[in-house]
Every structure is written in C-alpha cells, then in structure tokens.
Amino acid sequence: MTFEAAAHPAANPTATPGDSTGGVIGGSVGGGSVGEPDEAARRLYLAILADGGRIRFVDVPEADQDAVRQLVSIGLLMPNPMDACYTAVSPRSVSDRLGAELRSEATRLLVRAENLPGTLDTLTRAYDAMPRPPERSGGAVYIEGHIHIRHRISQLVSDCRTEVLTAQPGHRPADALKIAIQQDVQLLQRGCSLRTLYQPVAFSEPPALAYAEEVTRRGSLIRILDEPFQRLMIFDRSVAVISATDDHSTAAFITDPAAIAFIVNAFERDWARADATDWSAVLSQGPTHTAPERVGRLLARGLTQRAVATRLGLSERTVAAHISRLRDRYGAQTLFQLGWLMRGGRDGG
C-alpha cells in the first residue's frame with residue numbers, strides 16, 4: 001500500500017519414516033498436505049498392493065524413486081533390508097500415528113502462539129516508543145518528502161487493526177505496486193479489510209491487473225470510478241492521509257474525528273457510485289483499453305486537454321504526448337479535427 005538431496009531408498013534401505021527423506025511434521029510431502037501422498041505415490045502404492053504388497057529394491061523404476069521416497073517418509077512403505085524389498089504398511093496404522101503426531105505438533109504451536117506476545121514484548125515496547133510525528137487532536141500533521149510519507153504510511157499499515165479505505169487516482173507505477181502488494185497481502189492476512197477506488201486508466205497495464213487479481217483473491221474489494229477524485233487513505237477511521245500539494249510531495253495526516261467522519265462519508269459516496277469488477281476475468285482478457293484510447297474517447301466527447309488530464313488522473317504533459325501520437329495516427333492537424341475524426345471513426349465502426 002503506497003501513497004503513490006535426500007538419500008536414495010535403494011541406497012539407504014534402512015531409512016525410516018519421518019527421517020530426512022521428506023519429513024512428516026512441519027512441512028509438506030511431495031507438494032501436498034502433510035501425510036498425504038501425491039497422485040504418483042498413490043498410483044505406485046496401489047500397484048504394489050496389486051502385486052501382493054511388496055516390491056524389490058531393484059524393481060523400482062527410476063521414474064518412481066521420488067514416489068518411493070515419499071511413501072517411505074509417510075510410512076506407507078517399510079524398507080526391508082534383509083529381503084531387499086519394500087513392504088506395504090496399512091494406511092490405517094499410518095493415519096493413527098500421523099494423527100497423534102499432528103495433534104502433538106498442533107498443541108506445541110498453540111503454546112508458542114500463546115507465548116509469542118510475551119517473547120516479543122521487549123520489541124513491541126521499543127516499536128511503540130519509536131519517535132513519530134506529533135499527532136495533535138483536532139489538527140493535521142504535514143510530512144514532506146516521498147520517502148518520509150511512505151515510511152509513515154508503512155507504520156500506519158503495520159498498526160492497522162480493522163480497516164483501510166483508499167482512493168488511488170491515475171496510474172500506479174510498477175515499483176509502487178511491488179511495495180503495495182507486500183503491505184496489502186500482510187494487512188489482509190491479519191484479518192483487516194481493504195477497499196480501494198481506482199480510475200479505469202489505472203488498469204491499462206498488466207502489472208496493475210495482476211496486483212488487483214492477487215489482492216482481491218485474498219479478500220480485498222476494488223471498484224472503478226470513471227470520474228475525478230483525490231488521493232486518499234483512511235486507517236481504522238482514526239487517521240486520514242491526503243495530498244497537501246499537487247505533486248504529492250507533502251501529505252497531511254489528519255486525526256480530527258469530525259474531519260475524518262466527513263472524509264469517510266465522501267469516500268462511501270464515491271464507493272456507492274463506483275463499479276465492481278471480476279478481476280480474474282479481466283486478467284485473463286488483458287487490458288481492455290490503453291491510455292491513448294481513453295484519451296481519444298474523451299476528446300471525441302468534446303473534453304479539453306486539461307479536462308481529459310483531470311478525468312484520467314494524468315498530467316497534462318502525459319495527455320499531450322498521447323494526443324501527439326493520436327494526431328499522427330489519424331492525420332489530424334488540430335485538436336478539434338482529431339476529436340471529429342475519432343468520433344466519426346467510432347460511429348462508423
């Protein structure tokens with residue numbers, strides 16, 4: 001969130017279940033759940049049962065060696081060095097053993113979870129005592145510089161306990177998205193809710209679509225509002241962050257309850273008007289409209305260059321560059337002619 005290897009069974013027939021061949025507790029076996037064989041291991045186990053419940057070390061195909069290691073680590077196969085073979089073990093006994101081990105591990109983890117706040121108490125007190133900008137009740141704290149703003153926001157994300165509301169107009173750079181996805185996923189994993197408003201132009205690039213698909217898959221809600229709005233963040237409805245300058249180099253961190261209530265109401269009003277989107281479907285189709293196409297459609301509707309920039313959350317310089325490329329494409333000499341040609345081309349199509 002930004003403001004902007006294992007020993008081969010045949011070579012080691014004395015290996016026992018739960019040793020370094022794969023492990024049962026605290027990890028996964030063959031990429032599956034703990035104690036559950038994957039499909040290849042299941043097929044091999046069934047084949048061994050069909051052949052009487054045993055297979056010689058030398059008869060194990062090379063392609064099945066990983067499956068053998070997995071079955072041995074789970075305990076469904078028992079190495080028999082004396083007869084140089086593997087013997088099938090009843091899944092019922094394996095299930096009983098693994099169940100007991102998992103329950104023991106779960107108990108240990110629960111005890112660790114209960115003790116964790118105490119073990120981190122010193123670090124928690126140090127974090128709480130860390131110098132922060134003064135937050136005067138009834139006012140706002142102004143922080144200058146993108147680095148300092150991002151740092152303060154990262155602290156607010158870390159301290160957030162219930163909800164974050166954000167409005168992100170315009171494009172989001174790829175670097176900002178990399179930071180945002182790490183912070184937002186951690187936020188969602190803690191059980192906080194996250195709602196974000198975007199303009200359509202924000203999702204004209206694949207990285208932004210991938211970000212949206214990832215966070216919505218984890219429970220975030222995103223809506224699209226095709227009209228101008230201001231950059232905004234609200235944390236736990238107790239701190240609001242807004243831009244204090246046009247270039248976003250200064251941000252105001254607001255804690256006044258009345259001001260925050262007003263800002264939240266404005267956000268909820270925009271949220272109610274915005275459109276929800278199936279991000280999995282959008283990602284599979286790719287970006288539907290590039291920024292130049294959106295600029296062209298707004299020009300065709302008669303908007304000025306400045307109005308287009310405001311509507312899409314872009315700088316006038318960026319819009320001018322898009323217009324220049326559109327003029328070359330359509331052979332237009334003036335802005336009026338470009339709008340007329342694009343409007344005629346759309347109507348004709």
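Preceding this paragraph is the structure being described.
Residues numbered from 1 in each chain as written. Predicted model: local features only at pLDDT ≥ 70, side-chain atom pairs only at ≥ 80, totals over all residues. Heavy atoms only, no water.

Caption draft 1: Broad picture of a nonpolar patch on the surface. Together, Leu116, Leu120 and Leu123 give the surface a local cluster of nonpolar side chains, amounting to about 280 Å² of exposed area. Its place among the elements puts Leu123 in helix H4 (residues 121-128). Overall, the relative accessible area of 59% leaves Leu123 in the exposed class. (Patch = residues over 30% accessible without salt bridge, like charges linked within 9 Å, V, L, I, M, F, W, Y side chains within 5 Å. Areas by Shrake-Rupley, 256 points an atom, 1.4 Å probe, with all protein chains shown as cover. Salt bridge = Lys/Arg side-chain N within 4 Å of Asp/Glu carboxyl O. Helix = DSSP H or I, 4+ residues; strand = E, 2+ residues; numbered from the N terminus. Buried < 20%, exposed > 50% of the residue type's maximum accessible area, 1.4 Å probe, protein only.)

Caption draft 2: Spotlight on the pairing of strand S2 (residues 77-80). Of the two faces of S2, only the one carrying Leu77 and Pro79 is buried; Met78 and Asn80 on the other face are not. Pairing analysis gives four bridges linking S2 to strand S3 (residues 85-88), with the strands arranged antiparallel. Within the sheet, the bridge partner assigned to Met78 lies in S3 and is Thr87. Two successive antiparallel strands, S2 and S3, enclose a turn made up of four residues, where Ala84 displays a positive phi of approximately 55°. (Pairing = 2+ DSSP bridges.)

Caption draft 3: Inspection of the sheet that holds S3 at higher detail. Spatially, the three strands line up as an open sheet ordered S1-S3-S2, and their pairing is antiparallel. This sheet does not close on itself; its edge strands, each paired only once, are strand S1 (54-56) and S2. Mean inter-strand twist for the sheet, computed between neighbouring axes without regard to direction, equals 25°. Contacts from helix H1 (residues 39-50) reach S1, S2 and S3, with the element oriented near 90° to S3. (Axes fitted to C-alpha atoms, helices over the stretch in contact; angles between N-to-C directions. Contact = heavy atoms within 4.5 Å.)

Caption draft 4: Just the packing of aromatic side chains, in detail. Tallying each qualifying case throughout the model produces two aromatic pairs. Note on Phe57 and Tyr86: the rings are 4.6 Å apart at their centroids and 65° apart in plane angle, and the pair reads as edge-to-face. On the criterion of sequence distance, the pair formed by Phe57 in the loop between S1 and helix H2 (65-74) and Tyr86 in strand S3 is long-range, its members being 29 residues apart. Of the residues examined, Tyr86 reaches a relative accessible area of 1% and is grouped as buried. Centre to centre, the rings of Phe267 and Trp271 are 5.9 Å apart; their planes meet at 20°, and the pair counts as stacked. One end of the pair, Phe267, and the other, Trp271, are both in helix H8 (residues 257-273), four residues apart, so they sit about a helical turn from each other. Of the two residues examined, Phe267 and Trp271, each falls in the buried class. Over the aromatic face of Trp271 sits the side chain of Arg195, whose NZ or CZ is 5.1 Å from the ring centroid. (Phe/Tyr/Trp six-rings, centres within 6.5 Å; stacked < 30°, edge-to-face > 60°. Lys NZ or Arg CZ within 6 Å of the ring centre and 35° of its normal.)

Caption draft 5: Quick look at the nonpolar core. Counting 30 residues, the largest nonpolar core has Ile153, Leu187, Tyr198, Phe203, Phe235, Val241 and Phe253 as the members making the most contacts within it. Ranked by the residues each element gives to this core, the list is headed by helix H7 (residues 206-217), at five residues. Setting aside residues no more than four positions away along its own chain, Phe253 makes contact with Gly139, Ala140, Val141, Ile143, Ile149, Arg152, Ile153, Leu156, Val239, Ala240 and Val241. Formed by 18 residues, the second largest nonpolar core is a distinct cluster that contains Ala67, Val68, Leu76 and Val94. (Core = buried A, V, L, I, M, F, W, Y, C linked by side-chain atoms within 4.5 Å.)

Caption draft 6: Representation of the packing of helix H6 (residues 174-189) against H7. For the pair H6 and H7, the least separation of the axes is 10 Å and the interaxial angle reads 5°. By the angle class used here, H6 and H7 are roughly parallel. In this structure, H6 contributes Leu177, Ala180, Ile181, Asp184, Val185 and Leu188 to the contact, and H7 contributes Pro207, Ala208, Tyr211, Glu214 and Val215. (Parallel < 35°, antiparallel > 145°, perpendicular 65-115°, else oblique.)

Caption draft 7: Up close: H7. Between the first and last C-alpha of H7 there are 16 Å, a value that for twelve residues agrees with the 16 Å anticipated at 1.5 Å per step. In the segment just after H7, Gly219 is the residue with positive phi, at about 115°. (Expected span 1.5 Å × (residues − 1).)

From the geometry alone we can't say anything about function, so treat these as descriptive.
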